[in-house]
Amino acid sequence: FIECSRWPDDNKFTNNDKLTWHTARYAIVEDDAPPEARALVAARAGKPVGQALESLALSYGMLWNPESSPNERAWALCWLMHVVGDIHQPFHASDLFSKDFPAGNMAGSTGYVRDPVSGVPIPLHILWDSNALRDPSLKAVDRARQTLTKKYPRSHFPELSANPHDDPKVFENWLRESYQVALKWAFRGVKAVPDTTKYRNSDEVVASIVNFILNGVSPVKEAPELPDGYWDRARGTAEQRITLAGYRIADLVLAAAATIETHRNPPEILPD
């Protein structure tokens, strides 16, 4: 399951990659945003950029469909688990438009702050991706699972009471939870330094981020510190969002399995 959930990222820039599936970003407009930034936001007509919601509808529909092939179902499971995790991260649900980011900050990917762990510049998006766990080993992931499920049992999340299989707006609701975190405080008070590299398209932005993750190469040499208290709040929020996403993934997979099992064992049709 761990390898499955990270498979979409491991296939970056291959024929299996679906770059637009990882986010669905609603705009956040700062007061100092210039007119051209506001025009870009207006052109979105209130819709999120990115196809995370559409990809989840497709993946989950394929996962529980009793007519899906094993290959289709495996593919759908990978994307479902990955994107459900993605949309629980606030910057997968938001773009900031401001004086410093008139074209948007690409989900926090083009704004750098000083990493409170390493002391070097880090994209705000990557800071949130990694603030709860930076060791990708299986042992570390399993230790984190045990710690987080003990710290945040299912009873900690009353929103788990609904059956996600029966809610047509379930994925949008989860995405909007993350957007509210970004809107209310995750972007607020953070003075991120813009990456001024002239990227031609989103593929080049992602390539720069991948280069940072794999090789530690940053286009920004100096970046400001986070506001007081921000790091602790971000880590606590991330831990809860990760744990909640895990429970929700489990609920989706179990609901899909139950549907498939029902179709495999249909009720006996009695003759008249």
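Since the structure is predicted, the reported quantities are computational estimates derived from the model, not experimental observations.

**Quick word on the overall build of the protein chain**
Helices and strands together make up the secondary structure of the protein chain, namely nine helices and five strands. Element order for the protein chain, N to C, with α for helix and β for strand: α-β-α-α-α-β-β-β-α-α-α-β-α-α. In summary, the protein chain has a C-alpha radius of gyration of 20 Å against a globular reference of 19 Å for 272 residues, a match within 12%. Viewed in the frame of its principal axes, the protein chain has a C-alpha envelope of about 75 × 40 × 35 Å.

**Concerning the packing of helix α6 (residues 138-151) against helix α9 (residues 230-264)**
Packing of α6 against α9 leaves a shortest axis separation of 10 Å and a crossing angle of 95 degrees. What the angle tells us is that α6 and α9 run roughly perpendicular. Here Leu-148, Thr-149 and Lys-151 of α6 lie close against α9, whose contacting residues are Glu-239, Ile-242, Thr-243 and Tyr-247. Grouping the constituent residues of the contact of α6 with α9 by class yields three nonpolar, two polar and two charged.

**Considerations on the confidence of the model for the protein chain**
Here the protein chain averages 93 in pLDDT, while 99% of its residues score no lower than 70. Ranking the helices and strands of the protein chain by mean pLDDT puts strand β1 (residues 26-29) first, with 98, and helix α8 (residues 202-215) last, with 85.

**Things to note about the pairing of β1**
Here β1 shows a clear split, with Tyr-26 and Ile-28 buried on one side and none of Ala-27 and Val-29 buried on the other. Alignment of β1 against strand β2 (residues 94-97), held across four bridges, turns out to be parallel. By the bridge assignment, Tyr-26 is partnered in β2 with Ser-94.

**Section: the pairing of strand β3 (residues 111-114)**
Inspection of the sheet shows β3 paired to strand β5 (residues 193-194) by two bridges, in the antiparallel sense. Within β5, the position partnered with Gly-111 by the bridge is Pro-194. With three bridges connecting them, β3 and strand β4 (residues 121-123) associate as antiparallel partners. Across the sheet, Arg-114 pairs through a bridge with Pro-121, a residue of β4. Where β3 folds back onto β4 in an antiparallel hairpin, the turn is made up of six residues, including Gly-119, whose phi is positive at roughly 80 degrees.

**Examining the side chain of Asn-131**
You can see Asn-131 is positioned in the loop between α5 (124-130) and α6. According to the relative accessible area criterion, Asn-131 is buried, its value standing at 4%.

**Some words on the side chain of Asp-251**
Of note, Asp-251 is situated in helix α9. Engagement of the side chain of Asp-251 in a polar contact is seen with the side chain of Arg-154, the distance being 2.9 Å. Excluding its chain neighbours within four sequence positions, the residues that come into contact with Asp-251 are Arg-154, Leu-160 and Pro-164.

**Concerning the packing of helix α3 (residues 52-64) against α9**
Running from amino to carboxyl end, α3 crosses α9 at an angle of 40 degrees, the nearest separation of the two axes being 8 Å. Considering the angle they form, α3 stands oblique to α9. Every residue of α9 that contacts α3 at Tyr-60, Leu-63 and Trp-64 is listed here: Leu-252, Ala-255, Ala-256, Thr-259 and Ile-260. Among the residues making up the contact of α3 with α9, the classes are represented as seven nonpolar, one polar and no charged.

**Topic: unusual backbone geometry**
In this model, Phe-13 sits at a positive phi of 65 degrees, which is unusual for a non-glycine residue. At Met-106, a position not held by glycine, the phi torsion is positive, near 50 degrees. Residue position: Met-106 is located in the loop between β2 and β3.

**Thoughts on the sheet that holds β5**
Spatially, β4-β3-β5 is the arrangement adopted by the three strands of the open sheet, whose pairing is antiparallel. Lying at the two open borders of the sheet, with one neighbouring strand each, are β4 and β5.

The rules behind the values
- Residues numbered from 1 in each chain as written.
- Predicted model: local features only at pLDDT ≥ 70, side-chain atom pairs only at ≥ 80, totals over all residues.
- Heavy atoms only, no water.
- Helix = DSSP H or I, 4+ residues; strand = E, 2+ residues; numbered from the N terminus.
- Rg over C-alpha atoms; globule rule 2.2 N^0.38 Å.
- Axes fitted to C-alpha atoms, helices over the stretch in contact; angles between N-to-C directions.
- Parallel < 35°, antiparallel > 145°, perpendicular 65-115°, else oblique.
- Contact = heavy atoms within 4.5 Å.
- Nonpolar A, V, L, I, M, F, W, Y, C, P; charged D, E, K, R; others polar.
- pLDDT = per-residue confidence, 0-100.
- Buried < 20%, exposed > 50% of the residue type's maximum accessible area, 1.4 Å probe, protein only.
- Pairing = 2+ DSSP bridges.
- Polar contact = N/O pair within 3.5 Å; in protein donor to acceptor, adjacent residues only side chain to side chain.

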